[in-house]
Structure formats: C-alpha cells, structure tokens
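Chain by chain, the residues run as shown.
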Amino acid sequence: MPDIVLTTLNARYAHAAFGLRYLMANLGALRERAALVEFDINQRPIDMLEMILAQSPKIVALGVYIWNVEPATKLVADLKKVRPEIVVIVGGPEVSYEMDQQEICRLADYVITGEADLAFAEVCRGILEGRRPLMKVIAAELPQFEGLGFGVQGSGKTIKLPYELYDERDVAHRVIYVEASRGCPFKCEFCLSSLDVPVRNVPLDAFLEAMQSLLERGVRHFKFVDRTFNLNLKIGQRILGFFLERYQPELFLHFEMIPDRLPEGLRELIRQFPAGALQFEVGIQTFNDEVAERISRRQDNRKVEENLRFLRSGTGVHVHADLIVGLPGEDLASFAAGFDRLVALSPQEIQVGILKRLRGTPIVRHDREWGMVYSPHAPYEVLQTKTMNFETIQKMRRFARYWDLVANSGNFVRTTPLIWREGSPFAEFMRWSQWLFEKCGRTHAIALNSLAEMLREYLTKERGNDKGEVAAAIENDLSPPKAPRQSKMTRQARHLKQSEAPELH
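Residues numbered from 1 in each chain as written. Predicted model: local features only at pLDDT ≥ 70, side-chain atom pairs only at ≥ 80, totals over all residues. Heavy atoms only, no water.

Draft legend 1. Spatial organisation of the overall build of the chain. Across its full length, the chain carries 18 helices and 18 strands. Here the C-alpha radius of gyration of the chain, 24 Å, is about what a compact globule of 505 residues would show, namely 23 Å. Overall, the C-alpha framework of the chain stretches about 75 × 50 × 45 Å when taken along its three principal axes. Here the analysis covers contacts within the chain between residues at least 6 apart in sequence; of these, 74% occur between residues at least 24 apart. Accessible surface for the chain amounts to roughly 21,900 Å². Of this, 50% is attributable to carbon and sulfur atoms. Taken as two groups, the 65 positive and 66 negative side-chain charges of the chain have centres that lie 2 Å from each other. (Helix = DSSP H or I, 4+ residues; strand = E, 2+ residues; numbered from the N terminus. Rg over C-alpha atoms; globule rule 2.2 N^0.38 Å. Contact = heavy atoms within 4.5 Å. Areas by Shrake-Rupley, 256 points an atom, 1.4 Å probe, with all protein chains shown as cover. Lys, Arg positive; Asp, Glu negative; His and termini not counted. Charge placed at Lys NZ, Arg CZ, Asp CG, Glu CD.)

Quick look at the structure:
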C-alpha cells in the first residue's frame, strides 16, 4: 500500500493531471511509496473518499483548481472526519493565494503555495521521518531551468520531466499536456500567469527528446500549456520544425500564442503544416485600447488583425480566438464593436468568456471605481459592473452559450452567417439569442435536431429568409460528411476550453 496518494478532480475524464505527474516524477526515493489516483468532477466525493482510503495512505496530496474547489472541499472535510490521522496537503493555483479565506485550507494540514515540484518531496520526506513542518503554509521556491532539468539555482537539484508517467490509457484516451516554458512576460491583470515571472524555458534538447518518446508511444495530440509559445522565435521554430519533420496523419498541436507577434520565421513553418494539424488559441480579450491599457494589457491591434488574416488566408491553422465580457470600463457597445471586428477576421471559433476574479490577480484594484461585483463562488464570475448591469451580463451568458452551440460547434457552418446577413453579427446574434431563450427557456440540454428546427423557424418566420435557402443550408450542415470525421481525441483536444486546461501546480 502507498504511503502517499497524489490526487485531484479533473474537469473531464479526457483531461490528465499534468501537475500531479510533475510531483510524482520528482519524489525521488519516495516515488515507489506513492500512487497517483485521478478523479473527475462528475464523480461523488464520497466515492472518491472510499477509493482513497482503500489505499491506506499516510499522506493525501490534493491539487486544487478553480473548477474543482467545491467538491474538493467536501472530499477533504469527509476525509478529516473519517481518518483525522491522515496528513492532508493541498496545493495548486486556487489555494496559492488568499488562503485565510478558504475552508479547504482550514481543513488541510498543510498548504504548499506556488510551484511545488521540489518542495512537495521535501515536505513528504519530513512528515514520513517524523519531522513535520512548523508552518502550515509552505511557500515553494520558484524553480529555475538548469542543465537537463530545472531546479533552484545553485541547489544542485533538478526537476525530472514527467512524460514517462503518461500511461497507455492516457495515450489512448486523454489529451496529453506538455510545456516548453513556464511564466508569462505580460501583466494582464485578470490572469494568474501574469504573476509567474520570469519566463523559464525547458532546455530544448531534453524537451524534444521527451516529445520523441511520446511520438514513438503513439501520442498524436499535444496540448502545449505554454502561455506564449511564439515569444522566442528560435525556440518556436525548433519546436514547429521538430513536429513538421515527424508529421503523421492525426498529428494535432495546440498552442497559445501572443496575437500580435508572428514573424516570418514562424510563418514559413506554419504554412507547411496540413490543414487541421495546428490550433492556435489567440487571446484577444478586448479590442478597446483604453480598457486594455487599464488592465495592463499590451497589444497592437493592427498587428493582431494582420496576423489573423494571414492565419485564415495563408495557412490551415484552426484559430480559436477569445474575448472577455465584463472587463473594467467596457460597456456593451464597446464589446459589440470588438466582437464584430473579430467576426470579420473569420476565426473558426470565438470563445466569449465571462470575466473571472481569479484569486491573487490584481484585477481587484478596479472594484471600487468600476463597480465590479463578482460571485463569491467558483468560478468567481463577474455579476455586474459600472458599465454592464446584471441583466446585461446575464444576456451575455446566454449569448456565449448559444454561440458555442451554433457557431463554435461546427454543426451550422453554412447556417450561422444567415443569422446576420449583412447586419451586425453581434446585434443579430443577440436578437436570435433572446428569441431562442424566450422560445425554449434554457441554455443546456437542447438536442441538435431541436436546435436546427428552431433555427429554421427563426430564420424564415422571424427574419423572412427564403425557406428554400434556409432548408438547404441546414440540410447541408447536418448531412453526414463525405470525408471521415475527426477522431474523438482530436475533437476533445480542439474544443478544450482555456478554463479547463490544467494550471501548473
């Protein structure tokens, strides 16, 4: 039986706990005394508890994130009631800030804040040897890249890469997360990555050797969690060149990119990938320069537009672009203008996200001036602002959900543009959104055929479109594709939301 159980609640079964694998890989001599047990948020905490206790551990370590904090708190509460002698350690971005305000931190024996790759092993070693930490909150030192691994500079300790810990089940059924760097050079106030400085790059030879091993094991879908894959031109070129040389059908690479930086050296490589092999998550967030400056976001919108036009017209990249509703000082008219501007650039997906107040982020400095009111419950979404009242943000929640169902799903590629014709995409889709909600009264559990029928009714009876044209568009959209459908894994990777990606421990 293991002395240490590493566990977390993933957002979905198809996600793998990247942070836990780093902790496991760096336990040293304790690794053989540890077990990794993953759950997802659809499972009941009481059932998770039963599976954990069946391992008879001395230490239970739990990764806590914005999507799992509520069930994780229940799990820890029950665990400490049933087996109070078991030492509970929590870590992760959700518990790395504002610890005194969180019930799960009160319940746990220890909280490790920051990147715990090296600190976790030290804490466990001390506990198992009878030397328990004196302080409940343990601030992990920031690891730096060094040699073939990365560790605290001058310490002689290096972090082992975790990729061997993806097992055959992971390779067959899960999105495989990888990282070539940590940190972000930017200071966007809504984002936890703005607190991770400086940017630290994994030594490329070691990283690419690990990627080669994954390819040989059959991995074809790689989700890079780097916040800025295109920050360093030479590194970006080597990574893209590596995968291009080894391209095989079904290869799929997901990157987050800085939207206004795409030099020719990267463009040349990007052009060579077949359609569908690359997905770029392009965080626009806002086209309002005043709002962007207010939240410390630097972005050249002219360059953004130029780069998106290149990606859509000159490459086969699948572009997933993000906008945020509820930023301090942005009103509905400003958001609508930005949305229309983005639609005109034709990304395959536009994710409309509601602003979240992530713990530790400096976005709170605008609360008083801009009337920012957030839900106290995860995921801490904004409820109203000085420039967007509660009713407006509720309408935008429905807008975002219906946009996912209709535009982002890929089910209505030909039908979606009929909603706005030559008008404002935002205004006309909002009109459809409000009609749909009045019609069905819900935003979830809408069957595809029912949605198609409501689209048909709206476009013909409410908007006066030609019945034959609408019927042809819907029929074409819903007809079985002539080409083979993407694999289930590719679809899972492609539609991975930023909010569901595993933040690093």
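Draft legend 2. Quick look at the sheet that holds strand S13 (residues 252-257). Sheet architecture is open: six strands sit in the order S9-S12-S13-S14-S15-S16, paired in parallel fashion. In this open sheet, the two strands that pair with only one neighbour each are strand S9 (176-178) and strand S16 (349-354). Strand-to-strand, the axes of this sheet are offset by a mean angle of 25°, without reference to chain direction. The pairing of strand S15 (residues 318-325) with S16 spans six bridges and is parallel. The residue bridging Ala321 from the neighbouring strand is Ile350, located in S16. (Pairing = 2+ DSSP bridges. Axes fitted to C-alpha atoms, helices over the stretch in contact; angles between N-to-C directions.)

Draft legend 3. Expanded view of the pattern of salt bridges. For the structure on display, the rule yields 37 salt bridges. Salt-bridge contacts for Arg125 lead to Glu122; the nearest nitrogen and oxygen are separated by 3.0 Å. Taken together, the residues span about one helical turn, with Arg125 and Glu122 both in helix H5 (residues 119-128) at a distance of three residues. The salt bridge involving Glu305 is made with Arg341; its shortest N-O contact spans 2.7 Å. Taken together, the positions of Glu305 in helix H11 (residues 301-314) and Arg341 in helix H12 (residues 332-343) put the pair 36 residues apart, joining distant regions of the chain. (Salt bridge = Lys/Arg side-chain N within 4 Å of Asp/Glu carboxyl O.)

Draft legend 4. Layout of empty space enclosed by the protein. Summed over all chains, the structure comprises four cavities of 30 Å³ or more. Of the voids in this model, the largest cavity is the one considered here, and its volume is about 330 Å³. Residue lining of the largest cavity: 22 residues in total, with Cys184, Cys188, Arg227, Gln285 and Arg297 positioned closest to the centre. Those elements giving two or more residues to the lining of the largest cavity turn out to be S13 and strand S14 (278-285). Counting residues per element, the lining of the largest cavity draws most heavily on S14, at three residues. In this structure, the second largest cavity encloses a volume near 130 Å³. If you go around the second largest cavity, you meet 17 residues; those closest to its centre are Leu23, Leu62, Gly63, Gly91 and Gly92. Secondary structure elements with two or more residues in the lining of the second largest cavity: helix H1 (18-25), strand S3 (59-63) and strand S4 (87-91). Residue classes in the lining of the second largest cavity are distributed as 11 nonpolar, six polar and no charged. (1 Å grid on protein atoms, 1.4 Å probe; cavity = no way out; pocket = protein on both sides within 12 Å on 5 of 7 lines; lining within 4 Å. Points joined across faces, edges and corners; volume = space filled by probe spheres on them. Nonpolar A, V, L, I, M, F, W, Y, C, P; charged D, E, K, R; others polar.)

Draft legend 5. Geometry of the pairing of S13. In terms of burial, S13 is largely enclosed, as six of its six residues are buried. Of the two faces of S13, both are covered, the one formed by Phe252, His254 and Glu256 as well as the one formed by Leu253, Phe255 and Met257. As judged from the three bridges shared by strand S12 (residues 221-224) and S13, these two strands associate in the parallel manner. Each residue of the ladder has a partner; that of His221, found in S13, is Phe252. Each parallel crossover has a hand, and the one from S12 via helix H8 (residues 233-245) to S13 is right-handed. In terms of handedness, the path from S13 via helix H9 (residues 264-272) over to S14 forms a crossover that is right-handed. (Buried < 20%, exposed > 50% of the residue type's maximum accessible area, 1.4 Å probe, protein only. Right-handed = clockwise from strand over helix to strand, strands pointing away.)

Draft legend 6. Seen up close, the sheet that holds S4. If you walk across this open sheet you meet the six strands as S2-S1-S3-S4-S5-S6, and the pairing is parallel. The open sheet is flanked by strand S2 (34-40) and strand S6 (137-139), the only strands paired with a single partner. Between one strand axis and the next, the sheet turns through 20° on average, direction left out of account. Across five bridges, the pairing between strand S1 (residues 4-10) and S3 is parallel. Bridge pairing in S3 places Val5 opposite Val60. Sitting on the sheet, H1 is in contact with S1 and S2, with an inclination near 175° to S2.

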